Amino acid sequence: TAFDADFKSFAGIEFIKQNETPGLGARITESWFKEQLRGKVPPLSMVPEGSAGSSSDEIDSITGATRTSDYVLKLFNNAGDRAAELRKEGI
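Read on for an overview of the structure. (Residues numbered from 1 in each chain as written. Predicted model: local features only at pLDDT ≥ 70, side-chain atom pairs only at ≥ 80, totals over all residues. Heavy atoms only, no water.)

### Here's the deal with the overall build of the chain
Alright, step 1. Across its full length, the chain holds two helices and four strands.
Alright, step 2. The C-alpha atoms of the chain give 13 Å as radius of gyration, which agrees with the globular expectation for 91 residues (12 Å, within 12%).
Alright, step 3. For the chain, the spread of C-alpha atoms along the principal axes amounts to about 40 × 30 × 20 Å.
Alright, step 4. Classification of the 91 residues of the chain by burial places 36% in the buried group.
Alright, step 5. By sequence separation, contacts in the chain at least 24 residues apart represent 48% of the contacts at least 6 residues apart.
Alright, step 6. Across the chain, 11 positive and 14 negative side-chain charges occur, with their mean positions spaced 4 Å apart. (Helix = DSSP H or I, 4+ residues; strand = E, 2+ residues; numbered from the N terminus. Rg over C-alpha atoms; globule rule 2.2 N^0.38 Å. Buried < 20%, exposed > 50% of the residue type's maximum accessible area, 1.4 Å probe, protein only. Contact = heavy atoms within 4.5 Å. Lys, Arg positive; Asp, Glu negative; His and termini not counted. Charge placed at Lys NZ, Arg CZ, Asp CG, Glu CD.)

This is how it looks when you write it as structure tokens:
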């Protein structure tokens, strides 16, 4: 996870390794899923695939991959919390 210089909004995300079901949870590596985070500010909320707004805190879930979607939502929101902590520490 990378943040913009403000340490608030996502600059990008990359999954180095995953072991999800092909065609379901493994879709987290698809460009559409990763690109939807660019510019978003946590905390984020997950909405049904195809219904997220471009300027909101919503991101599309992956249809049929509820557990994966829930996990990555927690991951993204925790990354935002951690970035805020690092910013306070001056790192």
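The rest of the description comes next.
### A word on the side chain of serine 61
Alright, step 1. Checked against the element boundaries, serine 61 lands in the loop between strand 4 (58-60) and helix 2 (66-89).
Alright, step 2. Non-local contacts of serine 61, meaning those with residues more than four positions away in its chain, are made with Trp32, Met46, Val47, Pro48, Glu49 and Ser69.

### Details of the environment of valine 41
Alright, step 1. By the secondary structure assignment, valine 41 is in the loop between helix 1 (31-35) and strand 3 (45-47).
Alright, step 2. Using a relative accessible area of 41% as the deciding quantity, one classes valine 41 as partly exposed.
Alright, step 3. If sequence neighbours within four positions are ignored, valine 41 has contacts with Lys8, Ser9 and Asp57.

### Let's talk about the pattern of salt bridges
Alright, step 1. Using the criterion set out here, one finds five salt bridges in the structure.
Alright, step 2. Note that glutamate 14 and lysine 34 form a salt bridge whose closest N and O atoms lie 3.0 Å from each other. Note that glutamate 14 is positioned in the loop between strand 2 (10-12) and helix 1 and lysine 34 in helix 1, a separation of 20 residues in sequence.
Alright, step 3. Salt-bridge contacts for glutamate 85 lead to arginine 82; the nearest nitrogen and oxygen are separated by 3.0 Å. Here arginine 82 and glutamate 85 lie together in helix 2, a separation of three residues that amounts to about one turn. (Salt bridge = Lys/Arg side-chain N within 4 Å of Asp/Glu carboxyl O.)

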